[in-house]
Structures are given as C-alpha cells and as structure tokens.
Amino acid sequence: MCGIVAVIGSRAAAPLLLEGLKHLEYRGYDSAGLATISRSPHNGDGILQCQKTKGKLVNLSKKVQSQGAKGNIGVGHTRWATHGKPEEHNAHPHQDASGQIAVVQNGIIENHLALRESLESEGVTFNSETDTEVIPHLIAREIKVLQSNGLQNNGSTLLKAVQKTSQKLKGAYALAVIWEKTPESLVLASNQAPLLIGLGEGEFLCASDTPALAGFTKAILPMRDGEIALLNPLGIELYNSQGERQQRNPSLIHGNEQIADKRNFRHFMLKEIHEQPKTAKLWIARHLPAELPKHSPIALPFENDFYNDIKKIQILACGTSRHAALVGAYLLEQFAGISTSVYYASEFRYAAPPLEEKTLTIGVTQSGETADTLAALAMEKKRRNMHKNPAYISRQLGITNRANSSLARQVDNILDIGAGLEVGVAATKTFLGQLLAFYSLAIKFASINGNRSTEEIAKLSEELKAIPEQLTSLIKIHDELSENLAHKFSDTQDVIFLGRGINYPIALEGALKLKEISYIHAEGYPAGEMKHGPIALVDKKVPVVSIAIPGVVFEKVLSNAQEAKARDAQLIGVTTEGPESKIFDAILPIPKVSEWVSPLLSLIPMQLLSYHIAALRGLDVDQPRNLAKSVTVE
Ligand code: F6R
C-alpha cells in the first residue's frame, strides 16, 4: 500500500517527484525515497543517485535539499510497510547489486521468497527484507542474458528485461524502473494495481493516483492489467501481457483535484468533522431537490431500469465503509423491504455465497482504491457474467468519494458522495457521505417497490433536509463536551461501545475511530450481546459508551446499559435528554429525531470523543501509526 511516482522529461525530476509524493502520502508514510539519473559532464554517461529516509516525506525533502538530486528522469516512493520493518534499508527505490537499476513498487510480490532463494543461490546479496528487492536483481539478470545475445544498452532492452521479469512475478503490483545505462527511458508495469501515465508537453509523469498528476496534466492514460510501458521524452510504447503493442487515447481527469488546506483547525480530522454539515447540504441539494414529487423525492444519476426487478442487494466493503454499509443494509431491509447482506470484501473474494438471482452488488469505498473491495467486485462480476441464465447477470454500483478512482473505472455505475478531499486517515465526512448515499437508495427503492407510503417517504425526506442544521449545532456542542470528557478518559485502557438496531454500526464505528487514532483498545457490540461474554470485561476502569435513541430498541439498550452499570462501569450515554438519561454518569446529548435518521447525528460524539482523546494524548491524529488512507494491498 504505497504511492509511486515517476517522471521523464526536460525539467529537473526531483522537485516533480517530491511534489507528486506529497499527494500520495495518504497511501503510506513509513518511509520515502527517490532515484534520479543525471549525465556525467565528462563523458555523458548516466549517473544514478538514490536517496531514502525513514518516516514521513518531509525527511526525504530535507535530505534531497541538502544533498541535491540531479537529472530529468526519476522514480519516487512513499511506503506503507508490508514486508520488512519501516526502516531506511527497506525504503524504496530498491537497486540491483551494481546500483545501476532502481525500482519502486506498490503491491505485494507473493512469490518473493522463492525468487529470493533462487537469486541467493546464484550469489546475490540482499540489502532489505522487502518483497520488492527481488525485482531489480531479476531485471539485472535478464539484462545480462539479453546483452549476451547481443542486445544494446537501450530502452528496448530494459523493456524486454522488465517483460521477462514480470512473467516471473506473482501478485498484484505496479512498478517503475530506471537504468543508469538508458537515461532516456522509463519502464512501467501494472498488474492489478493502479498506475496512471500523465501526458504533459514533452514530458510524462506517472503515479499511483490522480492527485499526484493533477497539478501537472489533465490528460491521463490509466494502465490496464498486465500492461508494460516504455516511456522516453518523445513518446509512449504500451504493450499488453502478450507483448502486443496497444494504442488508445488518453482520458481526462474529471473536475478539480483539491488541495489540502487545514485552515485554522489543529488537525485535518477536526476540520473534516466540521465540514459535515456542508457534505449533507450538498448531498441534499443534489439528491433531494424541492421540485420532485413527495412519493419519489430522490434524484439519482441512474436510468429507471437500473432499479428494475432487484430482489437482493449485497454490499462489499472494508472498515468504516463497511459500517456505513451496515446502516445501509438496515435501511434497505427495514425501510425499503429488500433483502440485503453485507460482506467484508476481503472475505467475500475467497468465500462468496452461492449466487442469487436479480442481485445488485454495491461496493463502498471512499478512496475507490481498496484492493480487497475492487478484487471482490471484479470476482463477482466475472462469475455472474459466466452464468448462462440472464437473471444472474452482474449489476454493480460503486459508492465512492473519488470520481477519478480505480473503482470509478471498474464498475458501470457510480454514486459520487462528493464530500471533497479527506486528508485525515480516520474517515469522518466520507462516512457521513456514504450513509447519505444509502438513505437515498433506500428511499428510491421504497418509492419504486411501494414498500413505504408516500407519507413515510415524505417524512424521512423532510427529516433528512433538517440534518445539516442539526449537525452544525451538534458539532458545536459536542466539540466542547467531548473535549471536557476526554480529560477523564485519556488514560483509559479499554472502552466498550454499545448500540442496537440502526445504531449498532455506529457503536462499531465509535470503537474503530477510538482505537485507530488514540491506540486505546475499544470494542463495539450489539448491546444485547454483552451478556454472552463481553460483560466479563466490565469493571470500574472500563467506560461503556451506550447509544440509546428512542425507538424500537430504546428500552432494551437502556436495560443493557444498566447491566453494565451494575458491574461498576462508568456509563456514557449518547442519548436524548429525559428521565431515562439519568442512569448515565455523563451524557452526550442528541436532539429528539426519528430513529431512522439518528445515525447521522449519533456519529458526531463518536468522532469528536475519539478526536479529543487522541489530541489530548498528543498523538498524530491525521496520520496514525501503521495506517494509510488508501489500502491498496490485500
Ligand atoms: C477508518 C478508515 C478505514 C477505511 C477502510 C476502507 O477510519 O478509514 O477503516 O474505511 O480502510 O477504506 P475505503 O473506504 O477507502 O475502501
């Protein structure tokens, strides 16, 4: 799960590489590195220079500034460690024994151990514990063979060596390679991992994702699975896995990729929490326009036949997106009456359920790049489209915040949640955007299949329209309340979050937010499950946060909270103020709303409590340890 950039052209490469990497740091920040090739002033020979640092990109920038990095061609990398600790020697680029070849890679080489063993048996010494390092050594070996067959030191030789090498690699990967002997050639390879070539004037930049290219060019050529490209300042040669030359036109990056700006907030996460009323407002303007009839108030960008005849929905997602999917499933089943299942994408791809007819598969991923979600969707599409009965044909929808992502290129229909750039690794406003996407789908399906009356549909729509203002005042109140409460809990070791029904996924999300940014152990449970085991954890040192919203399961949740209190737990209620709220030691109040829309509000104290606890502990809220914004390996 790393970010790679590469450039070849007429300008100095290093500043472009560093700028590109800045926009890819969300993919990992364990280490960074770059390699460039300049020409010797004496004989014009290429000189490869490689620089790496442990930790964030800022360390690499300083190193490059002090040491300099010459040349108009280069490759760069920001790493999320998979194989080998986040140390400098494991940072990319990796080189062959002669130091003439430099490789950056995003992905996992699954057969690296066998390849390493065979290279070691030939006398190759490795400098890192990474899976990637086998690649430069294999390329060097192939180059030697090609040279012995009389091939020249030129771009075609490097291309052939990379083609031969990739035939030996197993796994999903994207890589960029330079070779000191060919300072005019950059070779790229992509296999089930994104790699985009940006076309500038007389120069090319290549990157794992569009933000790294947007300031440079709008014209991009996304590489397809198995493709290998040879770039020189004059042009691109693109080949498929059979070595056949490919021709196709570039596409354009949609809209403006936004620039990260923290404004006056201490962290991006806090800023993004505060942006949620705007996310909701924009969503309502786009999807709940006033002019639509009461029985069908939702505007979605799909033709009517998209909804026709859907009997079953299955949702594939990971992490926070899966929590949004669980709320979505509740709405689709309970409000729209459609049987819906949610799967961890990473499980589904290897253990999918038997096929059912007339099924819509929804992939939810804010980044649009999560490897497991993309692979699960691709696998599902393939097995459905192989089926002879048309009732099983694949129908897919992606819910994402990135209209330029791999997901958008992969599925037929996209619901862009339009929450704007989210920098904080902990998802906040994109979670809200995903929830809103599910509300619109539930209303749309209910209005089409008649599962709900016009009055019920109109009521839910009106309640949704009130959400932006409620969010604004709630964020204000809870920012202060959570900050105060955080002082009480900043030394806590374990926290339990309870919820039921439509708010059970919000309890899961509360626990995930807390553990990922504050490193406090937290668990989310359906409140009724506590007595089946987890209650053994409860004592006076374990705070229990209970989401208790008047509705179907209100009294049940209160009883479950009492059971924890009877075991000395400190009880925090995310609840409406009233006589029942007296059981709580502290409350994080929610206005009186229908249970249907309550998750859109109960998520706020979850986010702000986690934020303030992590900030108080002095942690890196926006870039928590071991995590990345986009999980591009399985
Ligand atoms: C948590 C978080 C992660 C992501 C997960 C899936 O705050 O952000 O759990 O939700 O990695 O990412 P996407 O939505 O990009 O597929």
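Residues numbered from 1 in each chain as written. Predicted model: local features only at pLDDT ≥ 70, side-chain atom pairs only at ≥ 80, totals over all residues. Heavy atoms only, no water.

Draft legend 1. Structural context of the sheet that holds strand β25 (residues 586-589). Pairing in this open sheet of five strands is parallel, and the strands run β22-β21-β23-β24-β25 from one edge to the other. Edge positions in the sheet fall to β22 (521-526) and β25, since each of these pairs with one other strand and no more. Shown here is a sheet whose adjacent strand axes are inclined to one another by a mean of 20°, direction ignored. For strand β21 (residues 494-499) and β22, the ladder comprises six bridges, and the chain directions are parallel. Its bridge partner lying in β22, G499 is registered against P526. Its contacts with the sheet put helix α15 (residues 467-489) on β23 (543-548), β24 (570-575) and β25, and the angle it makes with β25 is roughly 155°. Helix α16 (residues 504-518) rests against β21, β22 and β23 of the sheet, and its axis sits at about 175° to β22. (Pairing = 2+ DSSP bridges. Helix = DSSP H or I, 4+ residues; strand = E, 2+ residues; numbered from the N terminus. Axes fitted to C-alpha atoms, helices over the stretch in contact; angles between N-to-C directions. Contact = heavy atoms within 4.5 Å.)

Draft legend 2. Layout of helix α13 (residues 429-449). Relative to the 30 Å expected for 21 residues at 1.5 Å per residue, α13 spans 30 Å between its end C-alpha atoms, a close match to the ideal helical length. A large share of α13 lies buried, amounting to 19 of its 21 residues. Where α13 ends, the next residue or the one after it, G450, has phi of about 75°, a positive value. (Expected span 1.5 Å × (residues − 1). Buried < 20%, exposed > 50% of the residue type's maximum accessible area, 1.4 Å probe, protein only.)

Draft legend 3. Broad picture of unusual backbone geometry. For the bond running from H92 to P93, omega is 0°, close enough to zero to count as cis. Relative to the assigned elements, P93 resides in the loop between β4 (73-79) and β5 (94-95). Not every positive phi belongs to a glycine, and D568 is a case in point at roughly 75°. Examined against the element boundaries, D568 turns out to sit in the loop between α17 (554-565) and β24. In this structure D568 comes out as exposed when scored by relative accessible area, which is 52%. One non-glycine residue with positive phi stands out, namely N626, at about 65°.

Draft legend 4. Region of the structure containing the packing of helix α8 (residues 276-287) against α15. At a closest axis distance of 8 Å, the pairing of α8 and α15 adopts a crossing angle of 180°. On the basis of the axis angle, α8 is roughly antiparallel to α15. Two secondary-structure elements touch here, α8 through Q276, P277, A280, K281 and I284 and α15 through I467, P468, L471, T472 and I475. Partitioned by chemical class, the residues of the contact of α8 with α15 number seven nonpolar, two polar and one charged. (Parallel < 35°, antiparallel > 145°, perpendicular 65-115°, else oblique. Nonpolar A, V, L, I, M, F, W, Y, C, P; charged D, E, K, R; others polar.)

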